[in-house]
Amino acid sequence: MMDSTHSSDTTTTTTTLSHSNSSTSQSPASPPAQYGMANNAPVVVLSPCAACKILRRRCVDKCVLAPYFPPTEPQKFTTAHRVFGASNIIKLLQELPESQRADAVSSMVYEANARIRDPVYGCAGAICQLQKQVSDLQAQLARAQAELVNTQAQHANLVALICMEMAQLQQQQQQQQQQQQLLAMSDIFQNDWLFTDEACQGSIWDEPLWV
């Protein structure tokens, strides 16, 4: 009886030691490789993502949050989690295709920051402010365009006035030239007439009074 008990204890002890040795011989599980976003390209990160680190949970291989909340940007997830909550973020990302998830995360982070800055209006307040700036700029643009049209009209009127003055000046110059030509021609005619008259008088007195 004592031999059977001793043999069973020995067997139990041997099994326990072998189990402990096999457990200690195994290396501890390394954290899974996650993916971050750097220059819109996936980069392997050998640490839990910022979301799982903040939520204090194990980051699995296909963590839906890892590509958009890398461990180097914890404030990004903290801000979004503070406003939307982790469950809502995960649900939204799971409902979207992968091509739209990055834009969705950027929108959530932007809206969360706006909500933290302005708890009453949030993103709507920023949109209203931007719309007001757009309206002000459109009014300034309309005034500038009106001033431009007015300036162009003034320029056109000034050009037309200058053209009219130049035309009048040319007409006056032509009239002066015509008058000068007429005066010159009249002087020539008068000189010719005097020369002819003198020539005629000379021919009359040169003739003999008797033959």
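Reading the values: rules and limits
- Residues numbered from 1 in each chain as written.
- Predicted model: local features only at pLDDT ≥ 70, side-chain atom pairs only at ≥ 80, totals over all residues.
- Heavy atoms only, no water.
- Helix = DSSP H or I, 4+ residues; strand = E, 2+ residues; numbered from the N terminus.
- Buried < 20%, exposed > 50% of the residue type's maximum accessible area, 1.4 Å probe, protein only.
- Contact = heavy atoms within 4.5 Å.
- Areas by Shrake-Rupley, 256 points an atom, 1.4 Å probe, with all protein chains shown as cover.
- Arc of directions from axis to C-beta.
- UniProt positions renumbered as here; feature names shortened; annotations may be inferred.
- Phe/Tyr/Trp six-rings, centres within 6.5 Å; stacked < 30°, edge-to-face > 60°.
- Salt bridge = Lys/Arg side-chain N within 4 Å of Asp/Glu carboxyl O.
- Axes fitted to C-alpha atoms, helices over the stretch in contact; angles between N-to-C directions.
- Parallel < 35°, antiparallel > 145°, perpendicular 65-115°, else oblique.
- Left-handed = near helix turned anticlockwise from the far one by under 90°.
- Nonpolar A, V, L, I, M, F, W, Y, C, P; charged D, E, K, R; others polar.

1. A closer look at the overall build of the protein chain
Stage number 1. Regarding its fold elements, the protein chain presents six helices and two strands.
Stage number 2. Walking the protein chain from its N terminus toward its C terminus, one meets helices and strands in the order α-β-β-α-α-α-α-α.
Stage number 3. The burial tally for the protein chain puts 17% of its 211 residues in the buried class.
Stage number 4. By sequence separation, contacts in the protein chain at least 24 residues apart represent 46% of the contacts at least 6 residues apart.
Stage number 5. Accessible surface, the protein chain: about 16900 Å² in total, of which carbon and sulfur atoms supply 58%.

2. Brief notes about unusual backbone geometry
Stage number 1. The phi dihedral of R56 is positive, around 60°, even though this residue is not glycine.
Stage number 2. Note on placement: R56 falls in the loop between α2 (50-55) and α3 (74-83).

3. Some points on the side chain of T79
Stage number 1. With respect to the element layout, T79 can be found in helix α3.
Stage number 2. Owing to a relative accessible area of 6%, T79 belongs among the buried residues under this scheme.
Stage number 3. Setting aside anything within four residues of it in sequence, one finds T79 in contact with V109, A112, N113 and I116.

4. Quick word on α3
Stage number 1. Taken together, the buried positions of α3 are F77, T79 and A80. The arc enclosing the buried residues of α3, seen along the axis, measures out at 160°, which places them on a common side. Facing away from the buried surface of α3 by more than 90 degrees, the exposed residues are Q75 and R82.
Stage number 2. Positive phi shows up at G85, right after α3, with a value of about 90°.

5. A look at the UniProt feature "coiled-coil region" (unreviewed entry) in the protein chain
Stage number 1. According to UniProt, the feature "coiled-coil region" (unreviewed entry) maps to residues 127-161 in the numbering used here.
Stage number 2. Measuring from the first to the last C-alpha atom of residues 127-161 gives 51 Å, for a span that is 100% helix and 0% strand.

6. Digging into the packing of aromatic side chains
Note on aromatic pairs: each is described by the distance of the centres and the angle between the planes.
Stage number 1. The tally for this structure, following the rule as stated, stands at one aromatic pair.
Stage number 2. Seen from their ring centres, F69 and F77 are 5.1 Å apart, and the 80° between their planes marks the pair as edge-to-face.
Stage number 3. Owing to a relative accessible area of 0%, F77 belongs among the buried residues under this scheme.

7. A short note on the pattern of salt bridges
Side chains carrying opposite charge are able to pair once their charged atoms draw close together.
Stage number 1. For the structure on display, the rule yields two salt bridges.
Stage number 2. Notably, a salt bridge pairs K76 with E73, separated by 3.9 Å at the nearest N-O pair.
Stage number 3. The exposure class assigned to K76 is partly exposed, which follows from its relative accessible area of 25%.
Stage number 4. Note that D136 and K132 form a salt bridge whose closest N and O atoms lie 3.3 Å from each other. Remark: K132 and D136 occur in helix α6 (residues 123-206); sequence separation between them is four residues, near one turn of the helix.
Stage number 5. D136 sits in the partly exposed class, given a relative accessible area of 35%.

8. Comments concerning the packing of helix α4 (residues 86-95) against helix α5 (residues 98-117)
Stage number 1. Packing of α4 against α5 brings their axes to within 9 Å, and their N-to-C directions diverge by 150°. One way to sum up the angle between α4 and α5 is to call them roughly antiparallel. Here α4 runs over α5; the crossing is right-handed. In contact with I89, L92, L93 and Q94 of α4, α5 contributes R101, V105 and M108.
Stage number 2. Grouping the constituent residues of the contact of α4 with α5 by class yields five nonpolar, one polar and one charged.

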